[in-house]
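The residues making up each chain are set out below.
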Amino acid sequence: MGRLKYATVIHGFTALHIAATYFSFTSAIPDSRLVTPLTLLMTIFLCIAGNINFRMSSALLIFSNLIGYMTGMKLMRDISHLLNTQEPVTQMIASGLTTELIGWCTVLFIRATGDRFKRDRSEKNPGRYLSSMLIVMAGIYVFRFLINCLTTTEILGRYTIYGYTTRYFNNSILIVTILIANVILVRILNSKHLVKTWLQVIAGTGAVITIALIAALVCQYSYAADHNLAFPNRLEYMRYFIVGLLLETGLFFLIILLTTSFESRHNARQAEYHYMSLRNQLSPHFLINSLNVLNGLIQCGRKDDAEEYIYKLTDIYQYYMMIEDTELIPLKKEMENLGNYIDLLNVRFNRSLIVNNGIMESDICKGIVPCAIQLLVENAVKHNSLMEDKPLIVDIFSDGSMITVRNNLRPRYSTGKSNGIGLHYIQEQYKRHCGMDILICRSDVHFSVSLPLI
């Protein structure tokens, strides 16, 4: 079924490419103005069919555009020499073969990478994903349009870019050096030393131009030495520099997209690790405390209270089992479980804990990270002293977009230093699901955490 879906997209766009090439020839419109958006649209459809995330889809758009240009020019020259056909037929054959090549290479990449670059829940909105991809497509198209305008000048011709690009790729040592330089550059830009965005932009732009200048000089010298040509030549150097800058810019952004995509997957795995660590820490502690309370109820002869305690404890662990593989849970179910959890705490702390529920009725069906509110309440209990004359007051309220858990501060000085794994887990989950941050506020009298409602 997947093969049929991919084949339908690829063959359909191949037919459109051939028709667009013929139309551009008969109407004297540059073929790139029609063929380029079709190639990008085909790549977008294949990425949607393969459920590929935004960053990798953007990288594939850049890659398909570059390969399409290089392969199309090469095929046109080869077909013209081999078949000796007229120009429109040559262009149509080259356009169709290039489309098939790009399409099946994209499919091969999607299948080879498996689930590595699949979209997560934060990118499940099809409208938002498609609009983002169309913006990237528009940017690439505008870039190609500017290149086409440049090729009509005396500095560069249509086949000149292809020729100079070939000279770059024939110098394998230079290409490998440029690749290594870009990898190092991206790592430096992502380091902690350049925390300001404007510093990253300035440093990145300067480095890209510098690499292009040096690469143009090396490539020109190497080619001139091999073919006994005059060196240096200003006009030749300008051509080398323009082509080198285009290649360097495309390679730089491609490495950035690949790097951010791998980092996203790494962060997702880290969040999963924190979840497992958190669950392994909380479950035994909560169970031990609950069993101690249950033992106290039995020894005091409070049989009815002990039975109710067991029922609610069972409900809580059933909830844990239900959400084990769940990324988001309706707020209503989360609050129902929180109610059971607070009832167990009240048995343990009696009137030392007061929890006020101020959630708006309209927010009750919205989504939230499982056990997030329970973790915040548990942190409040863990890090504060509870006394009947000075109770710990926890307020839970919402405002339509956020739900806030706020407690008064009564520090328990005997508590060890917090490892922060609970808050870190919640923060990572919200970044993963909706790209939003939780809000943490601390004053002299209150501590609060606000969570986005999804």
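For the structure itself, look to the data block above.
Caption draft 1: Summary view of the sheet that holds strand S7 (residues 446–452). A sheet is described by the order of its strands in space; here five strands give the open sequence S2-S4-S5-S7-S6, paired in mixed fashion. The sheet terminates laterally at strand S2 (353–358) and strand S6 (439–442), the two strands that pair on one side only. When the angles between neighbouring strand axes are averaged without regard to direction, this sheet yields 10°. Two strands pair when backbone bridges link them, and strand S5 (residues 402–408) and S7 are joined in this way by seven bridges, in the antiparallel orientation.

Caption draft 2: Looking closely at the pattern of salt bridges. Enumeration over the complete set of coordinates arrives at seven salt bridges. Of the charged contacts, one joins Asp395 and Arg406 as a salt bridge, the two residues approaching to 3.4 Å between their closest N and O atoms. Taken together, the residues span a long stretch of sequence, with Asp395 in strand S4 (residues 392–398) and Arg406 in strand S5 at a distance of 11 residues.

Caption draft 3: Quick peek at the nonpolar core. In this structure, Ile373, Val377, Ile396, Ile403, Ile426 and Leu451 are the most contacted members of the largest nonpolar core, which totals 46 residues. No other element matches the eight residues that helix H11 (residues 331–349) contributes to this core. When sequence neighbours within four positions are dropped, the list of residues in contact with Ile426 reads Ala372, Leu375, Leu376, Ile438 and Leu451. Counting residues in hydrophobic clusters, the runner-up holds 26 residues, among them Val9, Met56, Leu61 and Val107.

Caption draft 4: Quick look at unusual backbone geometry. Geometrically, the link from Phe231 to Pro232 is a cis peptide bond, its omega value of 0° lying close to zero. Mapped onto the secondary structure, Pro232 falls in the loop between helix H8 (197–227) and helix H9 (234–299). Phi is positive for Asn51, close to 60°, though the residue is something other than glycine. A positive phi angle is found at Cys371, which is not glycine, with a value near 65°. As for its placement among the helices and strands, Cys371 is situated in the loop between strand S3 (367–368) and helix H12 (372–383).

Cut-off values and rules
Residues numbered from 1 in each chain as written. Predicted model: local features only at pLDDT ≥ 70, side-chain atom pairs only at ≥ 80, totals over all residues. Heavy atoms only, no water. Pairing = 2+ DSSP bridges. Helix = DSSP H or I, 4+ residues; strand = E, 2+ residues; numbered from the N terminus. Axes fitted to C-alpha atoms, helices over the stretch in contact; angles between N-to-C directions. Salt bridge = Lys/Arg side-chain N within 4 Å of Asp/Glu carboxyl O. Core = buried A, V, L, I, M, F, W, Y, C linked by side-chain atoms within 4.5 Å. Buried < 20%, exposed > 50% of the residue type's maximum accessible area, 1.4 Å probe, protein only. Contact = heavy atoms within 4.5 Å.

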